[in-house]
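The chain contents come next:
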Amino acid sequence: MLSGTGRPGSGHRLPRPHGRPVRLLLTAFVLFTTALGLGPLGARPAAAAANLVQNPGLEILDGPSRFPQCFEKSGWGDNDYTFTVTDDAHSGSRAVRVELTRRADGDRKTMMLENSCAPRVTPGRQYDLSFWYRSTTPDVALTVFRHDAELGWVYWTDLKTLAPSAGWSRTEVRTPAIPPGTDQITWGGALYGVGTLTTDDYAMVDATVPAEPDPCRAGGTGPECKGRWTVQTLQAPVRAIHSVLLHTGKVLLIAGSGNDLDMFEAGTFKTALYDPATGDYTDIPTPEDFFCAGHVQLPDGRVLVVGGNKDYAEPDGSVGYKGLRSSYVFDPGQNKYIKVNDMLAGHWYPSATAMGNGDVVSLGGLGEDSSGTVVNEHFSYARNEWLPMGEAKQAWAFWGLYPSMILLQDGRLFYTGSHVFGNGLPGTGASVYDYEAGTVAEVPGLRKKDERDQSMSVLLPPAQDQKVLTMGGGNHTVAPDAHRLVDLIDMKADSPRYVPGPDLPQGHYADGSPQTGDEGKVYVSAVILPDGKVLETGGALHTYREDPVFEASLYDPATNAFEPGLATDPVPRTYHSSSTLLPDGRVLSVGDNPGDGSFDQRVSVYEPPYLFKGDRPRITSVADTTWAYGSSQRITVDKPVVKASLIRPAAVTHSSDPNQRYVDLPMTVDGTTVDLSLTSNPNLAPPGWYMLSVVDAGGVPSVSRWVRIGPEGQVAAARVQAFAEELTGSAASTDAHEHHRGVTMPEGYDGCDHSYGTISQCVPWTFPEMPRAERCDWLAEKGYGRMEVHGRDRHRLDRDKDGVACDSGDFAGKRPRPQAGKPHHH
């Protein structure tokens, strides 16, 4: 956070003209507004917009400090530095030079004071920021802080990394939309490496182009307001448990055995490659059962597949689900799986998170013995292998099944609390794990932490804001219905904690009846869209795959509100469903696996409202498709645009895609030529292929172009601000002999209906064909005894409704009831 005192400048000096760059900016602005119908060319005065910076040329000095009025010497960390007011100016007689002679961490920056000197802003608008500079180092960023109505002054974002320049050079960048509750910003050049930075002639102008009135706010009901769903005629040839978008634009649909025991026993494992452009499917030979594996894209576009299913659970509990140790990469160039070395342990339902250096860390799931895996796995991208014990860092902690582990800007992992199956894990339900240091810090505030089964967590757009939203979820062993809670956390805060967000909008059931009360959704899909909003769709009221909910909405991070009432997918989307953003801006939805064991293989495609709001902008050229961190990249467009972004392609299953992210690309605009600034921090945009899109003033996005971030061998040093300073972790246990054997699974893993009995009892989802009244007799023959009913009695085993299943009053015949259940081990 900035600090300092000083009185505001008494004068507001008009900016000096600086020749061609200012004329280009003015020309671009006039062409921009003319193209949007705001007035004929020449109707606006031939002058630049008002400069919002006080004392922009640094000419007026404060009496006591002899430093330019309305500016301060700012920074943080362990470094040696000097600030000098120099006559080596771009114009006038004064500029400010910052020099670092030693740096351990932190930065030093010339910034506007956090008082009435700070430029005032309007939420929702965008501003062009510029200054002239000279620098001897590439370790320079244009940094912005904002004044929040509730939080005060907080760090906002680094907008651009500046190249070294021996002579005077002008840099300009357009801010993202100003967040709600923000009334002022301060900004300037931050030096975070040994060297010098001299700045002068600051300028800030309002670049906002008013949008046309929104007809949807006046009650419009067309596709431009609701969007449109289309169910494809040709069904998917596989049970799509997993959806992975490749940089070829095709979607890898992985089934493995597809939750079908007969397929597993026959050794029939399936994958299909879907081409959204043609609607064609290509069969991919699948060597092992990737049912409920993990997956993530590697920097070169291959897909790493983590573990999978070694064995199904038997109804009598003699065999539980077991995780595979084996691992493969899918190569889009060859359309084939290629085996890599085995992992340290088996993993069924593991996470897989891409790190800033291109490696992958995988946590959680079930091991080869059916117990919870506590072994961390680390895939080295450079070595193309899983690291051996001793190199893969261990915490010996059980993270659950498909734990949502999101990479933060400082390289730590945020466990959001979203998971699949189970409850009763210790702690607050969310935590920050420092993989390198081996420490875990609890994060407070997550509501109903034991009812987050197949909720979904999203790193909200833009990734630079470090805000995470966790929505929906349930657990029928704790509560009968899924809830509609939405919790939001700012991971840049000094002491991050979840706070309540707006509730999920409610929909209706298959019979048309509306949701009421606190009824919400589990099996939620959430997809980041190129306009910076999040589509949430699909789901069901119950975690036992029944009572689908038909509802969809858009969450807007800028307003922290849902836009309800979108068109809904005609196909139920419950267990084993997923939704994926396509490069053309549409959304693909697949999967539905009800409790009766069937699988709906229809494919739906959603066209969001922005596809019905006029001509789309088009990226007409991309100067380079391989981008280095901290670089400026030039594109051309065919019409004015107001923002640009990179979206990482999806790799989603079970409402989990912790790598999904939207990276803002601050813009410098000159007519239809746009220069984009890529972050210098690889933790914000882990290396790999991304979808590049631009958006016009009406919120309409372009079709995406593919670019690769981080060329081979180039991984930047992280550039981060200090944050979450009060969030300190404690070391996890290091007793490998005690913990490496596994841990007892929390209740509720797949294949068993844990509405009944204890974790050691596995009541099957599907019984052999028989009258319902005879099911307790059948269970008794298998060694089951009386079992407490948790929540819903879906199998009708509690005929006398005393809360105990297969008790003396629940048998059809007079056969004796066993005194104790047969032991079952997981």
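### Topic: the state of the cysteines
Phase 1: A complete count under the given rule lists 3 disulfides for this structure.
Phase 2: For Cys70, the disulfide goes to Cys117, at an S-S distance of 2.1 Å. In this structure the cystine formed by Cys70 and Cys117 twists about its S-S bond by roughly -65°; its chirality is therefore left-handed. Of this pair, Cys70 sits in the loop between helix H1 (20–35) and strand S1 (71–76) while Cys117 sits in the loop between strand S4 (107–112) and strand S5 (127–135), placing them 47 residues apart in sequence.
Phase 3: Note on cysteine connectivity: Cys776 is disulfide-linked to Cys806, with sulfurs 2.3 Å apart. On the S-S bond that ties Cys776 to Cys806, the torsion sits near -90°, and the link is left-handed. In this pair, Cys776 sits in helix H5 (residues 775–781) while Cys806 sits in the segment after strand S53 (804–805), placing the two residues 30 residues apart along the sequence.
Phase 4: Accessibility expressed as a relative area gives 3% for Cys776, which makes it buried.

### Here's the deal with the pairing of strand S20 (residues 327–331)
Phase 1: Here S20 lies mainly inside the structure; 5 of its 5 residues are buried.
Phase 2: Here S20 shows two buried faces, one formed by Ser327, Val329 and Asp331 and the other by Tyr328 and Phe330.
Phase 3: Here 4 bridges tie strand S17 (residues 303–306) to S20, and the two strands are oriented antiparallel to one another. In the sheet register, Val305 faces S20, and the bridge partner there is Tyr328.
Phase 4: Here S20 pairs with strand S21 (residues 336–340) via 5 bridges, running antiparallel. When the bridges of S21 are listed, Phe330 appears paired with Tyr337.
Phase 5: In sequence, S20 turns back onto S21 through a hairpin of 4 residues, with Asn335 there showing a positive phi of about 55°.

### Considerations on the packing of aromatic side chains
Phase 1: Using the criterion set out here, one finds 31 aromatic pairs in the structure.
Phase 2: Sitting above the plane of the Tyr328 ring, Lys339 keeps its charged end 5.8 Å from the centroid.

### As for the pattern of salt bridges
Phase 1: By the definition in use, this model includes 32 salt bridges.
Phase 2: Among the salt bridges present, the one from Arg383 reaches Glu385, with a minimum N-O distance of 2.8 Å.
Phase 3: Overall, Glu385 belongs to the partly exposed group, its relative accessible area being 25%.
Phase 4: Three or more residues joined by partner-sharing salt bridges are found here, namely Asp78, Asp80 and Arg102.

### What about the sheet that holds strand S49 (residues 688–695)?
Phase 1: With mixed pairing, 5 strands are arranged side by side in an open sheet as S42-S50-S49-S44-S46. If you trace the sheet from one side to the other, it starts and ends with strand S42 (626–627) and strand S46 (662–664), each paired once.

### Some details on the sheet that holds strand S12 (residues 242–245)
Phase 1: With respect to topology, 5 strands assemble into an open sheet ordered S15-S14-S13-S12-S45, the strand pairing being antiparallel. This sheet does not close on itself; its edge strands, each paired only once, are strand S15 (280–283) and strand S45 (651–652).
Phase 2: When strand S14 (residues 270–275) meets S15, the two strands line up antiparallel, connected through 4 bridges. Following the sheet pairing, Tyr274 is matched in S15 by Tyr281.

### Describing the side chain of His378
Phase 1: Here His378 shows up in strand S24 (residues 377–380).
Phase 2: Accessibility expressed as a relative area gives 11% for His378, which makes it buried.
Phase 3: At 2.8 Å, the side chain of His378 forms a polar contact with the side chain of Tyr435.
Phase 4: In contact with His378, other than residues within four places in its own chain, are Asp359, Val360, Glu385, Trp386, Leu387, Ala392 and Tyr435.

### Some points on unusual backbone geometry
Phase 1: Along the chain, Pro461 connects to Pro462 via a cis peptide bond; the corresponding omega equals -10°.
Phase 2: Position of Pro462 among the secondary structure elements: in the loop between strand S30 (456–459) and strand S31 (467–471).
Phase 3: One non-glycine residue with positive phi stands out, namely Cys292, at about 65°.
Phase 4: Checked against the element boundaries, Cys292 lands in the loop between S15 and strand S16 (294–297).
Phase 5: Here the phi dihedral of Gln454 falls at roughly 50°; this positive angle occurs in a residue that is not glycine.
Phase 6: Mapped onto the fold, Gln454 is located in the loop between strand S29 (439–442) and S30.
Phase 7: A relative accessible area of 1% places Gln454 in the buried class.

Thresholds applied
Residues numbered from 1 in each chain as written. Predicted model: local features only at pLDDT ≥ 70, side-chain atom pairs only at ≥ 80, totals over all residues. Heavy atoms only, no water. Disulfide = S-S within 2.5 Å. Helix = DSSP H or I, 4+ residues; strand = E, 2+ residues; numbered from the N terminus. Buried < 20%, exposed > 50% of the residue type's maximum accessible area, 1.4 Å probe, protein only. Pairing = 2+ DSSP bridges. Phe/Tyr/Trp six-rings, centres within 6.5 Å; stacked < 30°, edge-to-face > 60°. Lys NZ or Arg CZ within 6 Å of the ring centre and 35° of its normal. Salt bridge = Lys/Arg side-chain N within 4 Å of Asp/Glu carboxyl O. Polar contact = N/O pair within 3.5 Å; in protein donor to acceptor, adjacent residues only side chain to side chain. Contact = heavy atoms within 4.5 Å.

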